[in-house]
Amino acid sequence: MSDLPRPEALFANIDYTPPKADWMDVPVEIKPGRYCYAANPDSVNYLDLPNAHKWNPLDDDWGLPENWQEIIFNGLRERLHKYRSFKIFMDICVRCGACADKCHFFIGSGDPKNMPVLRAELLRSVYRGEFTTFGKIMGRFVGGRKLTAEVLKEWWYYFFQCSECRRCSVFCPYGIDTAEVTIIGRELINLLGLNIDWIATPVANCYRTGNHLGIQPHALIDMIDFFCDDIEDITGIRPEPSFNKKGADILFVTPSGDVFADPGTYTCMGYLMLFEYLKREYGLDVTWSTYASEGGNFGFFTSHETMKRLNSKMYMEADRLGVKWILGGECGHMWRVVHQYMDTLNGPDFQASRMEVPFNPITGTVFKNAASTKMVHIAEFTADLIKHGKLNLDKKRNANVNLTWHDSCNTARGMGLLEEPRFVAKSVVEKFTDMPEGTIREQTFCCGGGAGLNAGENDELRMMGGLPRANAVKYVHEKHGVNMLGCVCAIDRAVLPNSMAYWVPEVSVCGLHELVANALVFPGEKERETDLRGEDLPGMEDE
């Protein structure tokens, strides 16, 4: 853990003054608090990724293979041929700077190499210098340079200062997706075994146990059983979830972070209460898997191949259990992969033939938007239930909550899930205020810890990256009394509490279905005195 400076000191150190030297002449300086630890070689080896070895980003020698440049060039050549979009992105950028001030990491750090245009230029300059005729002949005059060990370290440092949120792409007049450049850049340095541990080890865990945290099946059931105990204490109703049930209507898959750490645990309790309500009232049969127990996809931050393999496990389990379709929990990168990449990576016919276009038997709604993926986001599902009057909700139970909404990057920009979460939120809380335009919906700021950057050792980087979002939260807190930041992403629920505690300590963080469960009225439940966090409900303070 780095020595994190006070917020006022970190803020005061932001300097947007351009350096006097050309950016190519500014050496990379890997600073503690702004980088993640090197990957455990055992994890790299388990994933069958190349050059698993022990190394330290602060050392001069990174243990590179003798032919490391050849490996990079071959990998770059292969991806230029394979991904047409990547080749286009390498060639069409005119470096207009429209994206320059749109990245939260640049806003929070002032480092020019965190401008999306310049971060992409780190790779583009090598492409230009090593792969184009003009670049080979004219070099720096046309923005080309050679690939050196110093350049490689610069790649590693700054590609892991990008959360791949795609905010910059919204403002690019050419539609360049700089996140795709980061993804390819990370793939290339992974060819040399230069991953970070907060990505490699979760992916290895997911291969091994079905989830990023390495939770074994019996431990997963035990943890959910504890949640059921707490729900029974609060409501008098004990959920009875099913696990690995063959022939169930729906397979539910959510991030393992929801089972592991607050405030995600309250979101998980919300899922359990919703499914129990739907089972008792309408007979809906939802099952959890102890084997495909992870909705998140950290493979997305490593390579297209690992992304594909982790995505496939949910569908293989759906096939094994014989369910009709999949319901997905509140996760960001799971949904980006499913919505944007799956049909290309896994193929449109990957799902089992018995799976159906998702149909809600309670409301009669056919989710045509999920005809290809056979997977529905739980915000869409719950919004559909509320729209058709299928849930008995009491907003007054959330009267202590003055809510604002964080549009999670991958669900908002990645799949256009903008209004459904707000509809659900406004149906279960009395006080709701959006943050200013330009900071929400398609232009939402990132939490600062996406794309595998939510480690502990890079806390200074995360606080810098989280500054723009925190600043917008601070505005609605001071102007409208907002005290809660809602979201539909497990990474957000892991990163934003620390960011809020640092920048806006008066504001807490919650998931959507925690609020739904607080408002949900069960037939025969006992009078509730607390919410899912054990905090007194309005009017129950003196009971």
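Above: the structure in question.
Residues numbered from 1 in each chain as written. Predicted model: local features only at pLDDT ≥ 70, side-chain atom pairs only at ≥ 80, totals over all residues. Heavy atoms only, no water.

Draft legend 1. Spotlight on the overall build of the chain. Check the secondary structure of the chain and you find 22 helices and nine strands. Against the 2.2 N^0.38 benchmark of 24 Å for 543 residues, the chain shows a C-alpha radius of gyration of 24 Å, consistent with a compact globule. Summarising its shape, the C-alpha atoms of the chain cover approximately 80 × 55 × 40 Å along the three principal directions. In the chain, which comprises 543 residues, the proportion classed as buried is 62%. Counting 57 positive and 73 negative side-chain charges, the chain places the centres of these two groups 7 Å from one another. (Helix = DSSP H or I, 4+ residues; strand = E, 2+ residues; numbered from the N terminus. Rg over C-alpha atoms; globule rule 2.2 N^0.38 Å. Buried < 20%, exposed > 50% of the residue type's maximum accessible area, 1.4 Å probe, protein only. Lys, Arg positive; Asp, Glu negative; His and termini not counted. Charge placed at Lys NZ, Arg CZ, Asp CG, Glu CD.)

Draft legend 2. Region of interest: helix α20 (residues 459-480). Maximal helix bending in α20 amounts to about 50 degrees, located at L467; proline P468 follows within four positions. Summarising burial for α20: 16 of the 22 residues are buried, a large majority. Once α20 finishes, G481 follows within two positions and takes phi at roughly 75 degrees, a positive value. (Bend = angle between axes of the 7 residues up to and from the residue.)

Draft legend 3. Expanded view of a negative patch on the surface. The grouping of E527, E529, E535 and D536 at the surface amounts to a negative patch. The topology assignment puts E529 in the segment after α22 (512-519). (Patch = residues over 30% accessible without salt bridge, like charges linked within 9 Å, V, L, I, M, F, W, Y side chains within 5 Å. Areas by Shrake-Rupley, 256 points an atom, 1.4 Å probe, with all protein chains shown as cover. Salt bridge = Lys/Arg side-chain N within 4 Å of Asp/Glu carboxyl O.)

Draft legend 4. Geometry of unusual backbone geometry. The step from D262 to P263 runs through a cis peptide bond, and the omega angle for that step is 0 degrees. By the secondary structure assignment, P263 is in the loop between α13 (257-260) and α14 (264-282). Although it is not a glycine, K374 adopts a positive phi angle of roughly 60 degrees. Tracing the backbone through its elements, the reader meets K374 in the loop between α16 (333-345) and β5 (375-377). A residue is classified by how much of its surface remains accessible, and K374, at 13% relative accessible area, is buried. One non-glycine residue with positive phi stands out, namely A451, at about 60 degrees. Along the chain, the position of A451 falls in the loop between β7 (431-432) and α20.

Draft legend 5. How the structure looks around the packing of aromatic side chains. Evaluation of the coordinates by the stated rule reveals 22 aromatic pairs. Ring geometry for F300 against F301: centres 5.6 Å apart, planes inclined by 40 degrees, an arrangement best described as tilted. Through pairs of rings, three or more aromatic residues link up here, namely Y35, Y37, W55, W62, W156 and F160. For K102, the ring lying beneath its charged end belongs to F171, and the centroid distance is 4.9 Å. (Phe/Tyr/Trp six-rings, centres within 6.5 Å; stacked < 30°, edge-to-face > 60°. Lys NZ or Arg CZ within 6 Å of the ring centre and 35° of its normal.)

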